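Listed below are the residues making up each chain.
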Amino acid sequence: MSITLTLWLWAVCTNLGVAQADERAWEGETKKAVDILLSVIDSSEDVFVANPWDRSPQQLYYPFFRKLKDSVSGSVLELGHRLSGNPLDARLSIDTDYEVRSGEVALAFRLVDSEKDGVIATQLLTLSASQLPASWDKREIKDLAYELGGKLERSVFPEQVVLAAESLTITSRDGLIGDFSTALTAYLDQEVRRRSAFKLVTAGMNSGAVYELSGTYSDLGSEIILTVSLIDAATSTIRSSVETSISRKHLPARATLAPENKITAVASVEPTDSVVPEGLEDVIDLWVNKTPPRYSDGDSLVINVAPRKNVYLRLYYIQSDGLICQVFPAGRNGTGFLRAGKTYTVGGLHDTVELTISDETLGQETIKAFASLAPIDDSSVPKEFIEAANMSCMTQGYAELQSGISRALKLTHKVRPVAEVKILVTNQSLNAIEN
Amino acid sequence: MKKNAKNTMSGLMSSVYLIIGLVISGAVSADMSTYTFINEKEALDQVVDPKSLVDARRLTKTEIEEQSLAPGDENYVVVTFKDLAAWIKSATDFSPNIDGKNTAQKAGLERLSDVATAAALRSAFNEVNDAEGKPFDEKEMEALLKDASSRLDELLASSDGLRRVNERVDRDGIFTNNQFVVADYYLRISKAAILDEIRPSPIVLTFEDPKIDVSQFSSATHYVARFIDKEVPISATKAEDESKWSTGFNDAVFGLAKEAFAEVVAAVNKDLRYPQQKPAIDELVRDYTAAGQDKYKLLTTDYEIKKKEVWPKGSLRPRNPQDVLKLSIYFYFDREKIKSLVIPPEKSLPLEVSGMPIAQAPPTARSDEYVGLYQDYTIEVRDDLETKDKARRSALEKAIVSFKQKALAEAAEDIGKRLAQPLNPQEISKSLIDAQKREGDFIKEFGWLGQPVVVTRGAYSTAPETLRLSAYVAVNKDALQQLLIGDRAITIVGKYRTYVELFWNVPDKDINPEVIETLVANVEDGLRTDGYEVVEFERIKGDLVSLLKASESTEDLYSTDELKRFKANLALRNIDSRFENGKRILADYADLVFGVTINTLEVVGNQINVRVTIDATFFSQGEWMKLASFDKALRMPYMDGSQDHLIAVVKKTGLEALAGLTPKVQFQLALRKDREELNLSQEREFTIVFAGADKDQFGQIRQRLSKGTKWGYKRADFKSRSIYVSYSGNIDSLSDMVQMYLEGADLNPGMGEYSSGVNRILFGE
C-alpha cells in the first residue's frame, strides 16, 4: 500500500511539473519573439508597449493578454531598454495584435519607430493550446464590462458625450434582469465613469444632448451575446451599439440570467404595442437610489423623479409576487402634480411613505411612471386603498393596470409608461456572484 | 675574481705530481756550467731575484716540440727555462730520480717553481709592454707584476699553462754528494690576460658632490643637458690623496656647464614659436660665458654628477698620455628661466593713425544708433610684406574692416532682438555684406579708444609684431533695419493682426471641445512665440455676440452648462463659417488668419490617426489671399480611456504643422512688398468698361483713348463696351487720367469705379 501511494505521489508531482512547464511555455516563446524583434535596435531606447489588440472583427478582450503585455515589457527591460508610459515620449513602440483560432493564438508584434513613421520590424508568433495556460481564454463579467466600455469609447471617439448617470440598464431580450445583468451593470457603470470620453450627469441636471446606455443579452445556449447601445434620450435614436459574447462555461454559476420570479416578472414587461402619450416623450427622468438596482432585505428604496414639464404623475410599484401598489401619489387624494425642473423623491426621509425592501419574495420588481399633462382620473383602475400602508394596491396584474390607466387618459391604445425602473430583490451580494 | 696565494700554490703542486713520470732518470753527475742555480749550496733558502733569470738557458724550439708543447704565438707568450737547478740538503744516498717522499727534494722543487714562474711572468709582461710601446716603466711594471703574481692561474693558458719536465736529482761530483734538483720549465701565458692585468682600474673619487632631488624636474618645464662619460684631461697637483685632482675637476665641471648653457639656450630657442635668429643667440651665449663674466654659473647650479672617475695615464684605449677625468653629469635648467633670457622683452611703440579720431571714451549710444566697443584687441602684423611700416598699415586696415563688420553684425542682432521678429540667418549674412560695401550709409562713426600701439620684440626676434587696438563703431540702426527688412532678412510679422480659427472635418462627430481648445491655444502660443500679434478672441467676442443676436439666440454662449458654453464659444470663434459675411467681418479684426483644420481624427485598430492642416490667408487690398498651407499627419498608439493622450497627440500634430507653415508664411509675407512694387512698376493690362455708352459714343471713346500716350491702347470690344489698355501704375491714377482725358474731349464718362485686386474700371454705371 505504501509503495502504491509513493508511486502515485511521484506521478502527481511529475504531472504537476509537466503542467507547470507548459503553463509558462508562452512566456518563453514571447520572450524569444521580443528578443528577435528588438535585435534591430543597437542602443538603449525608450520603448512604449501598447495594449494587445484583437484584430478579429469581434475585437474581444481577454485578461490573459495583460499578462502577455507584462511579459513583453519584462523582455524589453531585460534587453536593457527603458519602458515608457507615454508613446509620445518614446521613439519606439511595440504594437501587439492577436487572433484566436480554434484554441491557438496567432500573435503579431510590430516595432514602430515614430521618427521614421513606420514599422521597422515585425515578429509573428503562434501559441498552440499546449503552450497556453489552462483557461487562458476565461473572461469574467468585469472583463466584459471593460471590453464594452472600451468599444463604447471608440464608438464616440473623438467626442465626449454626456451620459445620464442612472440611465444604464441591461436586461435580457425578454426585458428581465438577473444577477448577471445587475453585476454587468455595476461593472459597466464603473467603466464609463473612469473613461473621460463620457461625462456623467445626474438626470434632470443637463439641458444639452444626453445619452443613455441600454443593453440586452441573448442566451444562445453555449454562448451569451450582449449588445449595449448609446441612445439619444431626447429622440430615442441609437447613436452607436457595441457587442460582445461570453462562453456559457465561463459564466459564474450564481450569475443567473433571469430573476427568480421569472414567470411573474414577465407579466410586468412592457408590451411592444404600448405607446407613450403624445408630448410626453422623455418628459421625466426616473431613477432609484442604488446603482446597480440590487436590493436586499431591509434596504430602503428611494425613487427620484425629475420632470421636464409640469405633469400629473402616477408611480406604480410592481412587486416580485405581482402585487401592484401606487406609491405616488400616496394616500387617498393626491393629484400627483409635479413641477418642471424640480426633483421629487418618493420613499425618502421626509416622504409620507417609507419604502423598505423585504426578502419575503425575491426577484425582479418594477416601478412604472404614467404621466399626463392634465389631472388623471384613475377611478377606472381597480385598486384598493390599504390603510396600513397608506397607499392603493391591486392584484389583477399589470395588464389590468395598463388598461385602467389607458381608459383614465382616454386613450384608444395601450398607454406606455413615460419611464420605468426595474430593480432586483435578492439575498446574494454582488461580490458573491463571481466568487 | 682574485684567488688567494695559497690556492695558487696548491694548484701548482698538483701539476708537479702529474709530471713526475716525465723525469729522466740515470744521470749521476752533471756538467755544472749548464745549470742555472737559484740558490747557493750554503744558503738553500736564499733564492735569486727572478730578474736574474733573464739570461737563463731556454728550451729550444725542437725541445719544445719534442715535449709536444705549443710554441708562442699571437695569443700566448711562451717562456721556458732549461736546467734550472736548486741546491738541496745533501743526503747520504744518491739517486737521480726524484723521490716524492724526500722533503728536501720536494722543498727544492718548490723553490725552483716559484722562481721560474716569477721569472716567466716578468718576461711575459715585459714582452707585452714592449709590444704595446712600453707604456709602463720598470717601476710601474714592478707594481703590476706584484699585483698580477697572485693571480697566476688566471694568466696561464687553460691547457699546458705550466709544465715542469726533466726533473731529476744531480750532484756536483760523484764523491761530494752535494745534491741539487734540476728541472726544465715551460709556461704559456695569455697575452690578453696580461693586457687586462697591466690596464689599471679607475680610481673612484669619494669627495662630496651636490645632491639633487631629481623628482623636481620634468621635461615639460625643464631642460636637462646630459654629458655621459665625457672625457676631460685632468691635471693633478702634488698632493698625495685624490685632492690633487680637485682643481682640475672643478675646471672640468665649469667647462661642461658652459657647454650645457649654450646647449639649453639653443634648445629653448628652437622650441619657441618664434625663435630668435642665430646672431642673437650667439650674442646671448657670449654675453653669459665671457671670461670674467661667468653669469652662466648662476644658471648652471642645478646639476647632478652620475660618474666622476680619473683614468690614470695609459688606462684608456687608445692609451691616454695623461690622466683623464671621465664625467657623467646632468645639468638641469628651468625652461621658463632660459626662455626669459632668450625672448627679448616686448616694447610698445605708438602707431601713427592720422585722420582718425582718437577718443578717451566712446560716444553714448542712442536709440537710433548702435555703438560697438572693442577694447584691447590684438592683431598680428604680417611678416611677408616689403617693409614693417607697410605690414603695420595693412594690419591696421584689416582691423578697421573687422571692427566694422562686427559692429554691423551686432547691430543686426540687436535689431532682431528688439523687433522680436523672425530672422532669416542666410538673408542677414547677405544683407550685411551689402551693408559693408555701402558702409558710408550705415557706419556713422569709427574711432580709436586710446593710441593704437605696435608691440615688437626687436629686430632679431622672429616673433611677429602685433597691434594692440581699442576702437568703437557707431552704426545707424534705422538705416540697417530698413536694409534688413527690405532684404527680407527680418520679416515683420508682428505688424499683422493674426487670428486663429479652427475647423474640423470629421464626419458625423464632434470633437471633444477640450481637444479643440488646447489645439487653438497651442497654435496661438506658437505664433506669439514667433512674434505674431495674435488677436485675443475675448476682445472681439462682444462684437460677434452683437452680430449674432440679430439672427439667433446667444443663450448657449453664457449657458451654465459648461460643455454647452464651451461648444458655443468654439463655434463662435469660427467667424468665417459662423457668419454670412464671415470673411468681411474677419477683415475687421485681422490681417492674417491661420485656419487650423483637423482633417482626420480616428482610431484604427489600436492606433490613433491624426491629420491637421493649417493654412494662412492674408487680407490685402480688400481681398483674402492664401499665403501657404502645411499638412501634418501623426500615427500613435491608442491609449484606452485617456483623453489626455488624445489631446497630447493632437497638440503635437498641430505644433508640428505650425512649425512647417510659419517659415513659408514669413517668406510669402516678405514677398508681398516686392509684388506690390512689381504691380506698380510693371506694365499690366486693364479693361475699361463704358457700360452706359451707346455704339457711337463708345466709338468716339475708343478713338480718343487709342491716341492716349499715358497708356498703350490694345483693342476694343464693342459688344461689351470694353477697351483694353496696358498701363504701368496703380488703377486709381489710370482711372483719373482716363476720366480727365475723355472730359477734355467733351466725352463725360462719369467717375470710374474699380476695386483693388481687379484690373477693371467701370464708367457710366
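Just so it is clear, the structure is predicted and the values come from calculations on it, not from any experiment.

What follows concerns the overall build of chain A. Within chain A one finds 8 helices and 23 strands. If you take every contact in chain A between residues at least 6 apart in sequence, the share linking residues at least 24 apart comes to 73%. Only carbon and sulfur atoms are counted for the fraction: they give 51% of the accessible area of chain A, which is about 20,100 Å².

Here we come to a negative patch on the surface. All names here are of chain A. Among the surface-exposed residues, Asp 297, Asp 321, Asp 359 and Glu 360 lie close enough to one another that they form a single negatively charged patch. Note on placement: Glu 360 falls in the loop between strand 19 (344-346) and strand 20 (363-372). The exposure class assigned to Glu 360 is exposed, which follows from its relative accessible area of 72%.

This model, assessed by the stated rule, comprises 33 aromatic pairs over all chains. Their ring planes at 15 degrees and their centres at 5.4 Å tell us that Tyr374(B) and Phe403(B) sit as a pair that is stacked. Of the two residues, Tyr374(B) is situated in strand 11 (residues 369-380) and Phe403(B) in helix 11 (residues 388-419); the sequence distance between them amounts to 29 residues. Residue Tyr374(B) shares its accessibility class with Phe403(B), and that shared class is buried. Clustering of aromatic rings is evident, with ring pairs tying together Trp26(A), Tyr62(A), Phe64(A), Phe65(A), Tyr98(A) and Trp136(A). The side chain of Lys290(A) reaches across the aromatic face of Tyr295(A), ending 5.3 Å from its centre. Stacked on the ring of Phe446(B), the Lys or Arg Lys404(B) has its end atom at 5.5 Å from the ring centre.

Take unusual backbone geometry next. Glycine aside, the phi torsion of most residues is negative, and most peptide linkages are trans. A cis geometry characterises the amide bond from Phe157(A) onward to Pro158(A), with omega recorded as 5 degrees. Counting through the fold element by element, Pro158(A) comes out in the loop between helix 4 (141-156) and strand 7 (161-164). Following Thr291(A), the chain continues into Pro292(A) via a peptide bond in cis, with omega recorded as -5 degrees. Among the structural elements, Pro292(A) can be located in the loop between strand 13 (284-288) and strand 14 (294-295). Backbone geometry places Asn166(B), a non-glycine residue, at a positive phi of 55 degrees. Position of Asn166(B) relative to the elements: it lies in strand 3 (residues 162-171).

All right, on to the packing of helix 3 (residues 103-131) of chain B against helix 4 (residues 138-149) of chain B then. Residues and elements named next belong to chain B. Their axes nearest at 11 Å, the elements helix 3 and helix 4 cross at an angle of 130 degrees. In terms of their interaxial angle, helix 3 and helix 4 are classed as oblique. The chirality of how helix 3 crosses helix 4 is right-handed. Seen from helix 3, the contacting residues are Leu 121, Arg 122, Phe 125, Asn 126 and Asn 129; seen from helix 4, they are Met 141, Glu 142, Leu 144, Leu 145, Ala 148 and Ser 149. Residues belonging to the contact of helix 3 with helix 4 are distributed by class as follows: 6 nonpolar, 3 polar and 2 charged.

Further remarks concern the interface of chain A and chain B. Each partner contributes to the interface: chain A provides 31 residues, whereas chain B provides 27 residues. When chain A packs against chain B, the two sides together hide about 2,600 Å² of surface, and 51% of this comes from carbon and sulfur. Counting the contacts that link chain A with chain B gives 2 salt bridges. Listed by contribution, the elements that provide at least two residues to the side of chain A that touches chain B are strand 4 (92-101) and helix 4 of chain A. If one sorts the elements of the side of chain A that touches chain B by residue count, helix 4 of chain A sits on top with 6 residues. Considering only residue class, the side of chain A that touches chain B consists of 11 nonpolar, 12 polar and 8 charged.

The next subject is helix 7 (residues 398-408) of chain A. All names here are of chain A. The set of residues buried in helix 7 consists of Tyr 398, Leu 401, Gln 402, Gly 404, Ile 405, Ser 406 and Ala 408. Those residues of helix 7 hidden inside the fold are in contact with helix 6 (262-267), strand 16 (311-318), strand 17 (324-328), strand 20 and strand 22 (391-394). Trailing helix 7 by a residue or two, Lys 410 shows a phi angle of about 60 degrees, which is positive.

The next point concerns the packing of helix 12 (residues 425-437) of chain B against helix 14 (residues 477-486) of chain B. Residues and elements named next belong to chain B. Look at helix 12 against helix 14: their axes get within 9 Å of each other, and the N-to-C directions meet at 135 degrees. The pairing of helix 12 with helix 14 is recorded here as oblique in orientation. The two elements helix 12 and helix 14 meet at a crossing, and its hand is right-handed. Two secondary-structure elements touch here, helix 12 through Ile 428, Ser 431, Leu 432, Asp 434 and Ala 435 and helix 14 through Leu 480, Leu 483 and Leu 484. Of the residues belonging to the contact of helix 12 with helix 14, the class tally is 6 nonpolar, 1 polar and 1 charged.

Residue and element names in this part refer to chain B. A sheet is described by the order of its strands in space; here 5 strands give the open sequence 21-22-20-24-23, paired in mixed fashion. At either end of the open sheet lies a strand with only one pairing partner, and these are strand 21 (712-717) and strand 23 (753-754). One ladder, built from 5 bridges, connects strand 21 with strand 22 (residues 722-727); its direction is antiparallel. Counted as the bridge partner of Asp 717 is Ser 722 from strand 22. Relative to strand 21, helix 21 (residues 695-706) is tilted by about 160 degrees, and along the sheet it contacts strand 20 (684-690), strand 21 and strand 22.

Across chain A, the average pLDDT comes to 88, with 94% of residues at or above 70. Contacts from residues 1-21 of chain A, a stretch scored under 50 in pLDDT, to residues over four places away or in other chains number 0 contacts.

This paragraph deals with the sheet that holds strand 4 (residues 179-190) of chain B. By way of backbone hydrogen bonds, the strands of a sheet pair with one another, either parallel or antiparallel. All names here are of chain B. Reading across from one edge, 1-2-4-3 is the order of the 4 strands in this open sheet, with mixed pairing throughout. The open sheet has two edge strands, strand 1 (36-37) and strand 3, and neither has a second partner. Pairing analysis gives 2 bridges linking strand 1 to strand 2 (residues 76-87), with the strands arranged parallel. Its bridge partner being in strand 2, Phe 37 is matched across the sheet by Ala 85. Of the strands in this sheet, strand 2, strand 3 and strand 4 are in contact with helix 3, which crosses strand 4 at around 35 degrees. Strands strand 2 and strand 4 of the sheet are contacted by helix 6 (residues 191-198), whose axis makes an angle of about 85 degrees with strand 4.

Cut-off values and rules
Residues numbered from 1 in each chain as written. Chains lettered and ligands numbered in written order. Predicted model: local features only at pLDDT ≥ 70, side-chain atom pairs only at ≥ 80, totals over all residues. Heavy atoms only, no water. Helix = DSSP H or I, 4+ residues; strand = E, 2+ residues; numbered from the N terminus. Contact = heavy atoms within 4.5 Å. Areas by Shrake-Rupley, 256 points an atom, 1.4 Å probe, with all protein chains shown as cover. Patch = residues over 30% accessible without salt bridge, like charges linked within 9 Å, V, L, I, M, F, W, Y side chains within 5 Å. Salt bridge = Lys/Arg side-chain N within 4 Å of Asp/Glu carboxyl O. Lys, Arg positive; Asp, Glu negative; His and termini not counted. Charge placed at Lys NZ, Arg CZ, Asp CG, Glu CD. Buried < 20%, exposed > 50% of the residue type's maximum accessible area, 1.4 Å probe, protein only. Phe/Tyr/Trp six-rings, centres within 6.5 Å; stacked < 30°, edge-to-face > 60°. Lys NZ or Arg CZ within 6 Å of the ring centre and 35° of its normal. Axes fitted to C-alpha atoms, helices over the stretch in contact; angles between N-to-C directions. Parallel < 35°, antiparallel > 145°, perpendicular 65-115°, else oblique. Left-handed = near helix turned anticlockwise from the far one by under 90°. Nonpolar A, V, L, I, M, F, W, Y, C, P; charged D, E, K, R; others polar. Buried area = accessible area lost by both parts, 1.4 Å probe. Pairing = 2+ DSSP bridges. pLDDT = per-residue confidence, 0-100.

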